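Chain and residue survey
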Amino acid sequence: MSITSYNGSALIAMVGKNCFAIASDRRLGVQFQTIATDFQRIFEIHETLYVGLSGLATDVQTMYQRLKFRHKLYNLREERNMRPETFASLVSAMLYEKRFGPYFCEPIIAGLNEDGTPFICTTDLIGAKQLSKDFVVSGTASESLYGACESMYKPDLEPEELFETISQALLSSVDRDCISGWGGIVHVVSADQVITRTLKGRMD
Amino acid sequence: TTIMAVQFDGGVVLGADSRTSTGSYVANRVSDKIVPIHDFIWTCRSGSAADTQAVADYVKYYVDAHSMELGRLPRVRTVANLMRKICYNNKDNLMAGLIVGGWDPYEGGQVYEIPLGGTIMRQKFALGGSGSSYIYGLVDSYYREGMTREECEIFVKKSISHAMARDGSSGGVIRITTIQSTGVQRQCILGSDVCMAMRWNHDYFYHGLNQRLKDG
């Protein structure tokens, strides 16, 4: 089995009207055996910047720790939070540093710019950035996720509708993947609030 | 895959999940892994879908001819033996783990397990498939001699739902087939009822476990 599908994961980020949503599954497995059902893949960097990491679980945790460290240092020096594009460049650079011995994770970066417009992007495991206007997906169920998002997505959705859309896309895709699933967690982030909800899905 | 069969006085209960996977993709989430070989003899399939479908089709054909010649219902033992012959003689080319469960008028309810190499074992209950590894402990602690039909059904549902929770290759719905002299009944446990199966009649089983612990 490939190293990126050792633990299993599924992630989506979607753009709405002055808001974004980022969602992930909750399963942690060792190949086909389920070990944990509350694994965290989405991390807050600051109030309006979230990073989701798919792939090998140990690299998910290490990448998050390193990114958190770099952002805290930036905050101390610059006395402000990082902008989403800057953060995306940081992620890309950190991954490319390990070009010939990479971290086996594929991050999704989602944030709100200072003017309130949402920003999402994804990179591959060696840092190739891919910006997107509508949605980005990552994980073992990525092919299913692409199909589900492509058909369900509409531009300029309000936070509540965006939550429904991203949840349905996530749940229907992980149901076709043996190694991701066991529920989901969704963060819907607008300029003034963050709503986090857990999804109850198929527990198989 | 998780498959299971339990014998009770007067028949057998066969159970299976419904997930067919190609690698990590779920090719079919509502597949039927319990197939009829004859009126009162059914088989649970695990391993390669193609191999088990082919073996089951061959055995069905042979048993059909055999029971017509005999003019009577075939023995479950005969069906299991035919299956075993095919699995053993082609062991190098097949990947098939089968459980034969059925009722005949001569020996009542019977369960025969035929794992990978072509061994045949008659057992009171049998487990198979990748998900079975996760429920050996559960099954050993909850199984009792002399369970009724309803108790066997609950036992099978509970065990398979636990296996589906832990094994990535098992999931979907729980299919149950109950075979008795009066006939064959098929059930399908869907969705949230699968989770409930993990908790069904917990007190009932807990009492049984306590009883056994007291008896020593």
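Heads up: these notes are all about the structure in this document. (Residues numbered from 1 in each chain as written. Chains lettered and ligands numbered in written order. Predicted model: local features only at pLDDT ≥ 70, side-chain atom pairs only at ≥ 80, totals over all residues. Heavy atoms only, no water.)

A few points about the overall build of chain B
Of regular secondary structure, chain B possesses 6 helices and 12 strands. Taking all 216 residues of chain B together, the buried fraction comes to 51%. Across chain B, contacts joining residues at least 24 apart in sequence account for 63% of those joining residues at least 6 apart. As displayed, chain B offers around 9,800 Å² of accessible surface, 51% of which is attributable to carbon and sulfur atoms. (Helix = DSSP H or I, 4+ residues; strand = E, 2+ residues; numbered from the N terminus. Buried < 20%, exposed > 50% of the residue type's maximum accessible area, 1.4 Å probe, protein only. Contact = heavy atoms within 4.5 Å. Areas by Shrake-Rupley, 256 points an atom, 1.4 Å probe, with all protein chains shown as cover.)

As for unusual backbone geometry
All names here are of chain A. If you check the backbone angles, Asn-18 has positive phi at about 55 degrees while not being a glycine. Residue position: Asn-18 is located in the loop between β1 (10–15) and β2 (19–25). The class of Asn-18 is partly exposed, set by a relative accessible area of 48%. Here the phi dihedral of Glu-79 falls at roughly 60 degrees; this positive angle occurs in a residue that is not glycine.

Points about the pattern of salt bridges
Evaluated as defined, the whole model comprises 17 salt bridges over all chains. Between A:Arg202 and A:Asp204 there is a salt bridge; the shortest N-O distance is 2.8 Å. Overlapping salt bridges, with partners in common, bring together B:Arg75, B:Arg77, B:Glu107 and B:Arg122 in one network. (Salt bridge = Lys/Arg side-chain N within 4 Å of Asp/Glu carboxyl O.)

Notes on the interface of chain B and chain A
Opposite the 21 residues of chain B that make contact, chain A presents 15 residues. Of the roughly 1,500 Å² buried between chain B and chain A on both sides combined, carbon and sulfur atoms contribute 44%. The three residues of chain B that bury the most area against chain A are B:Ser24, B:Arg29 and B:Arg166, which together make up 31% of that side's buried surface. In this structure, the connection of chain B to chain A is made through 1 salt bridge. (Buried area = accessible area lost by both parts, 1.4 Å probe.)

Re the sheet that holds strand β6 (residues 41–47) of chain B
Residues and elements named next belong to chain B. Pairing in this open sheet of 5 strands is antiparallel, and the strands run β5-β6-β7-β8-β9 from one edge to the other. On the outer flanks of this sheet lie β5 (34–38) and β9 (121–123), each paired with one strand and no other. Recorded for the sheet is a direction-independent mean angle of 25 degrees between the axes of neighbouring strands. (Pairing = 2+ DSSP bridges. Axes fitted to C-alpha atoms, helices over the stretch in contact; angles between N-to-C directions.)

Quick notes on the packing of aromatic side chains
Here the structure, examined in full by the defined rule, presents 9 aromatic pairs over all chains. Between B:Phe125 and B:Tyr143, the ring centres sit 4.6 Å apart and the planes meet at 45 degrees, which makes this aromatic pair tilted. With B:Phe125 in strand β10 (residues 125–128) and B:Tyr143 in the loop between α3 (136–142) and α4 (149–166), this pair connects stretches of sequence that are 18 residues apart. A relative accessible area of 17% means that B:Phe125 is categorised as buried. Residue classification places B:Tyr143 among the buried positions, given a relative accessible area of 14%. Connected via pairs of aromatic rings, a cluster forms that spans B:Tyr58, B:Tyr61 and B:Tyr62. One Lys or Arg, A:Arg197, reaches over the ring of A:Phe163 and ends 4.2 Å from the middle of that ring. (Phe/Tyr/Trp six-rings, centres within 6.5 Å; stacked < 30°, edge-to-face > 60°. Lys NZ or Arg CZ within 6 Å of the ring centre and 35° of its normal.)

Purely geometric stuff here, so don't read any function into it on its own.
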